[in-house]
Amino acid sequence: MDIDIAPDHADFREEVRSWLSEHLVGDFAEHRGIGSPTDDAAWDVRVAWERELSAGNWLGLTWPREYGGRDVGLAEEIIFEYEYARAAAPARVNTQALELLGPTLLAFGTDEQKQRFLPKILAVEEMWGQGFSEPGAGSDLAAVRTKAVADDDGWQIDGQKVWTTFGHHADWLYVLCRTDPDVSLRHRGLSLLLVEVDQPGVDVRPIENLARSTEFSECFFNDARASADMVVGGAGNGWRVVMTTLGMERGSALMPMQLAMQREVTDMIDAAKSSGVLDDPLIRQRLVDAYIGVNVMRSSNLRVVADLLDDTAAERGKATAAAATGGKLFASLHHQLMGELALDVYGAEAVYGADGGPAAARKLFLLSRAETIYGGTSEIQRNIIAERVLGLPRA
Amino acid sequence: MALITTAEQEALRDVMRAFLRKYSTEADVRVQMDSELGYDAQAWETAAEQIGMQALAIPEELGGAGYGFDELAVILEEVGRTLFTGPVLPSVVLAPAALLLSGDSEACARYLPGLADGSQIATIAVSEDAAMWDEADITVSAKRDADDWVLTGTKRYVLGGAQARLILVAARTDRGVSVFAIDSPATGLTIEPLPVMDLTRRLASLTFDRTPAVLVGEDGAGWTTLSQVFDQAIVALACEQVGAAAAVLELTVDYLKVRQQFGRPIGSFQAIKHRCADMLVELESARSAAAYASAAIAAGAEDASVAASIAKVYCSQAFYHIAAESIQMHGGIGFTWEHPAHLYFKRAKSGEVLFGSPAAHRERIAELIGMN
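Because the structure is predicted, anything quoted here is derived from the model rather than measured.

## With respect to the overall build of chain A
And step 1. For chain A, the helix and strand inventory stands at 13 helices and eight strands.
And step 2. For chain A, the C-alpha atoms occupy an extent of roughly 70 × 50 × 50 Å along the three principal directions.
And step 3. Across chain A, contacts joining residues at least 24 apart in sequence account for 69% of those joining residues at least 6 apart.

## Let's talk about the domain arrangement of chain B
Residues and elements named next belong to chain B.
And step 1. Under the domain assignment used here, chain B contains domain 1 (7-119), domain 2 (123-220) and domain 3 (224-368).
And step 2. Computed from C-alpha coordinates alone, the two centres of domain 1 and domain 3 are separated by 21 Å.
And step 3. At the interface, 21 residues of domain 1 touch 21 residues of domain 3.
And step 4. Elements supplying a minimum of two residues to the side of domain 1 that touches domain 3: helix H2 (26-33), helix H4 (69-82) and helix H5 (88-102).

## With respect to the domain arrangement of chain A
All names here are of chain A.
And step 1. What the domain assignment reports for chain A is domain 1 (7-93), domain 2 (128-245) and domain 3 (250-389).
And step 2. On a C-alpha basis, the centroid separation for the pair domain 1 and domain 3 is 22 Å.
And step 3. Across the contact, twelve residues belong to domain 1 and 13 residues belong to domain 3.

## Some points on unusual backbone geometry
And step 1. In this structure, the amide linkage connecting B:Ser184 to the following residue, B:Pro185, adopts the cis form with an omega of 0 degrees.
And step 2. Along the chain, the position of B:Pro185 falls in the loop between strand S5 (176-183) and strand S6 (189-193).
And step 3. Even without glycine at this site, A:Trp163 takes up a positive phi of about 60 degrees.
And step 4. Relative to the assigned elements, A:Trp163 resides in strand S3 (residues 154-165).
And step 5. Residue A:Trp163 is classed as buried on the basis of its C-beta count, with 22 C-beta atoms lying within 10 Å.
And step 6. Despite not being glycine, B:Ala146 shows a phi value in the positive range, around 55 degrees.
And step 7. The residue B:Ala146 is located in the loop between strand S2 (141-145) and strand S3 (148-159) in this model.
And step 8. Given 6 C-beta atoms within 10 Å, B:Ala146 falls into the exposed group.

## Examining the interface of chain A and chain B
And step 1. On the side of chain B, 37 residues touch chain A, which itself brings 38 residues to the contact.
And step 2. With 15 residues, helix H9 (residues 281-308) of chain A is the single largest residue contributor to the side of chain A that touches chain B.

## As for helix H1 (residues 7-23) of chain B
And step 1. Given a rise of 1.5 Å per residue, 17 residues ought to cover 24 Å, and the 24 Å separating the end C-alpha atoms of H1(B) matches this to within 8%.
And step 2. Buried positions along H1(B) lie against helix H3 (41-51) and H4 of chain B.

## Some details on the nonpolar core
Across soluble globular proteins, nonpolar side chains show a tendency to be buried alongside one another.
And step 1. Of all hydrophobic cores here, the largest spans 240 residues; its most connected members are A:Leu193, B:Leu168, B:Phe180, B:Ala293 and B:Ala311.
And step 2. Top contributing element to this core by residue count: helix H7 (residues 222-258) of chain B, with 21 residues.
And step 3. Beyond its immediate chain neighbours, meaning those up to four positions away, B:Ala293 contacts B:Val235, B:Ala238, B:Ala307, B:Ala308, B:Ile310 and B:Ala311.

## Some details on the confidence of the model for chain A
And step 1. A residue-level look at chain A finds 98% of positions with pLDDT of 70 or above and a mean pLDDT of 92.
And step 2. Mean pLDDT across the elements of chain A ranges from a minimum in helix H7 (residues 238-248) of chain A, with 82, to a maximum in helix H6 (residues 111-122) of chain A, with 98.

## With respect to the environment of B:Ala164
Residue and element names in this part refer to chain B.
And step 1. Within the secondary structure layout, alanine 164 lies in the loop between S3 and strand S4 (166-173).
And step 2. Its 26 C-beta neighbours within 10 Å are what place alanine 164 among the buried residues.
And step 3. Taking the C-alpha atoms as reference points, alanine 164 and threonine 139, separated by 25 residues in sequence, lie 22 Å from one another.
And step 4. Beyond its immediate sequence surroundings of up to four residues, alanine 164 is in contact with Pro90, Ser91, Ile121, Ala122, Thr123 and Ser184.

## Some details on the packing of helix H10 (residues 321-346) of chain A against helix H12 (residues 356-367) of chain A
Any two packed helices are characterised by how steeply their axes cross, that is the angle between the axes, and by the distance between the axes.
Residues and elements named next belong to chain A.
And step 1. It is at 8 Å that the axes of H10 and H12 come closest, and there the two elements cross at 150 degrees. Between H10 and H12, the interaxial angle falls into the category roughly antiparallel. Crossing geometry of H10 relative to H12 is assigned as left-handed. Here Met338, Gly339, Glu340, Ala342, Leu343, Val345 and Tyr346 of H10 lie close against H12, whose contacting residues are Gly357, Pro358, Ala361, Leu364 and Phe365.

## Remarks on the pairing of strand S5 (residues 190-196) of chain A
All names here are of chain A.
And step 1. Burial within S5 is extensive, with six of its seven residues counted as buried.
And step 2. Pairing analysis gives seven bridges linking strand S4 (residues 172-178) to S5, with the strands arranged antiparallel. The residue of S5 that forms the bridge with arginine 178 is leucine 190.

## So, helix H10 (residues 341-353) of chain B
All names here are of chain B.
And step 1. Given a rise of 1.5 Å per residue, 13 residues ought to cover 18 Å, and the 19 Å separating the end C-alpha atoms of H10 matches this to within 8%.
And step 2. Taken as a whole, H10 has its buried residues at Ala341, Leu343, Tyr344, Phe345, Arg347, Ala348, Gly351 and Glu352.
And step 3. Of the surrounding elements, those touching the buried residues of H10 are H2, H7, helix H9 (304-330) and helix H11 (358-368).
And step 4. The positive-phi residue at the C-terminal boundary of H10 is phenylalanine 355, with phi of around 60 degrees.

## Some remarks on the packing of H4(B) against helix H8 (residues 270-299) of chain B
Residues and elements named next belong to chain B.
And step 1. Two elements in contact, H4 and H8, have axes whose closest approach is 8 Å; the angle formed by their N-to-C orientations is 145 degrees. Across the interface between the two elements, Phe69, Asp70 and Ala73 from H4 touch Ser294, Ile297 and Ala298 from H8.
And step 2. The residue inventory of the contact of H4 with H8, partitioned by class, reads four nonpolar, one polar and one charged.

Rules used throughout
- Residues numbered from 1 in each chain as written.
- Chains lettered and ligands numbered in written order.
- Predicted model: local features only at pLDDT ≥ 70, side-chain atom pairs only at ≥ 80, totals over all residues.
- Helix = DSSP H or I, 4+ residues; strand = E, 2+ residues; numbered from the N terminus.
- Contact = placed C-beta atoms within 7 Å.
- Domains from an automatic or database assignment.
- Buried ≥ 20, exposed ≤ 12 C-beta atoms within 10 Å, placed from the backbone.
- Expected span 1.5 Å × (residues − 1).
- Core = buried A, V, L, I, M, F, W, Y, C linked by C-beta atoms within 7 Å.
- pLDDT = per-residue confidence, 0-100.
- Axes fitted to C-alpha atoms, helices over the stretch in contact; angles between N-to-C directions.
- Parallel < 35°, antiparallel > 145°, perpendicular 65-115°, else oblique.
- Left-handed = near helix turned anticlockwise from the far one by under 90°.
- Pairing = 2+ DSSP bridges.
- Nonpolar A, V, L, I, M, F, W, Y, C, P; charged D, E, K, R; others polar.

Structure below.
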């Protein structure tokens with residue numbers, strides 16, 4: 001059933017649809033469905049496409065006009081993301097800035113920081129990467145050791161970050177640093193600093209992932225510099241700022257992810273039909289389970305969105321908060337099952353051959369392994385659900 | 001079309017929950033498990049008088065409240081939470097749906113007021129060899145006998161078959177599958193209660209031997225009606241399962257917070273916590289699947305059948321997994337008769353089988369989405 005997620009905004013939906021049909025043409029249209037927030041395939045085309053979006057004023061929809069945004073509400077943003085995903089437009093490149101750093105600056109940044117950075121994000125002039133994880137601080141983010149020391153000229157930064165998504169494309173990094181040397185302070189001694197990549201003290205090295213693509217990097221800071229005004233939310237407040245940022249990392253991306261997964265299931269069923277494996281009763285049942293999973297995801301997303309947009313609700317989003325919290329865990333696990341199924345649908349061709357469908361199956365199989373790790377591992381997700389939603393005691 | 005409840009529906013939930021807190025405690029459920037009737041007739045009457053539960057989805061002109069499937073979904077979730085043993089599924093959902101969808105205004109006028117005020121119990125008898133409803137499986141025959149019809153054959157897995165006074169039967173005439181009404185007890189009708197594992201939900205086998213029956217709706221048009229009733233049946237069951245799964249998860253989590261081993265609550269161990277998180281995700285996903293399917297039924301959407309089978313598969317399996325984990329997490333006490341975990345566990349399995357297994361519904365989905 002076609003669910004109208006925000007019937008009051010039919011004009012806006014029409015505006016999005018007609019803009020996309022006019023502009024998602026030529027080279028852009030040929031790259032439909034390309035890339036993801038962690039896959040830098042066809043990067044240059046996607047950068048050009050993002051500038052096209054910028055020219056159409058489609059980036060930073062909810063951001064204030066003074067920074068180049070549209071200053072519209074959540075309903076419009078959700079409609080836009082939904083239509084965007086439905087049209088299978090190329091995945092955006094600067095998601096780190098659009099979804100994470102930008103909203104963080106809007107919440108915690110100084111006026112100068114907002115004026116300096118936000119317009120350049122929306123103009124696709126500066127790309128951003130996230131400097132959170134370290135070799136010794138993954139799930140335990142409060143264990144970061146990269147240190148920043150204030151001196152007369154600002155901050156001096158030393159340390160190492162890793163798993164920086166699209167780090168080798170980044171012009172700037174937002175870096176969680178220890179600004180109080182007392183490590184026992186844990187999350188109380190941290191600050192979020194904005195660091196320019198193009199300087200002698202910063203060395204960004206791409207890391208090849210197991211699919212031999214370079215979605216992420218490691219970043220080394222040796223006497224790197226940031227000026228005194230590059231701390232976000234005040235020195236020592238890094239943990240609070242970062243927790244807000246991570247909160248933004250979930251939710252908004254689930255609907256586009258679901259639509260992409262739905263297309264993958266449809267492709268798998270078509271492939272199974274033409275190869276004849278559809279008659280294999282085990283494959284058949286697993287294909288239906290894949291179909292069921294993406295439809296359950298869709299229902300959950302629609303329910304969460306309906307709740308977020310419900311102006312009669314006492315507290316928007318509260319009734320579906322548990323469903324929203326579990327969305328990432330469900331989607332990532334289901335995607336891995338789909339990856340495994342895709343290989344079985346294509347059989348040996350996906351493992352030993354690989355063009356077209358089999359190649360896509362292999363890519364899905366390999367890249368989906370990352371999804372239960374990045375953005376908070378499944379184990380961390382389960383801790384969060386158990387403790388915050390179910391109220392089970394901490395160890 | 002709505003995937004979230006309105007304030008009015010939440011008020012209905014509060015009323016229903018208050019009623020069940022009084023009339024469907026665990027002790028009440030256990031009394032009915034051992035009773036011959038299988039449910040509390042007094043509570044059934046009270047539900048009709050005080051909250052109009054039975055009247056909810058029956059049109060106002062036939063003595064009902066005129067609400068739709070969205071409201072039924074709320075009631076069913078609450079009924080599922082407490083394992084209420086009253087015949088809600090057959091008498092409040094299935095039989096009224098079959099009568100209304102048959103388009104037979106005479107039959108509606110004859111039967112629905114009695115169902116709406118709770119004075120009559122009704123059910124529907126479709127399954128024969130398989131729990132799944134399938135037009136090709138219908139072998140009970142209906143033959144003309146002067147101006148009347150007589151039915152011959154056997155129906156199995158009939159919900160509340162021994163309790164119902166009105167039984168709607170799917171039988172085959174020369175024109176195909178049709179729906180007939182039987183006033184039980186009746187000539188040639190033998191009712192055999194089944195030795196059910198889940199004592200909170202009674203089923204029976206019914207054997208007809210030239211049993212007099214009245215045609216409901218058009219001769220030969222029965223399957224059109226029944227296939228829509230079937231979608232309502234499996235979504236109603238899914239709504240019950242969501243309620244029951246939520247209740248058993250709450251029960252389990254409460255226990256994990258207080259049960260101490262190794263000097264700490266066992267709910268603080270990650271071996272437990274992570275499984276509880278998975279259970280919560282399953283519960284919320286089941287809730288989404290049931291909400292979407294309910295909305296699709298209420299809206300008469302074209303994907304209602306697919307959505308219904310998705311809810312059937314997902315909610316059945318989620319409830320079963322949550323109930324099975326509940327026994328494990330309770331340890332020895334969870335394996336005792338006196339603890340309620342097994343009541344949910346058995347209800348979960350009986351629901352998984354009722355109206356067709358998850359595997360049968362996966363195949364139904366495959367056919368509906370064109371996987372041929």
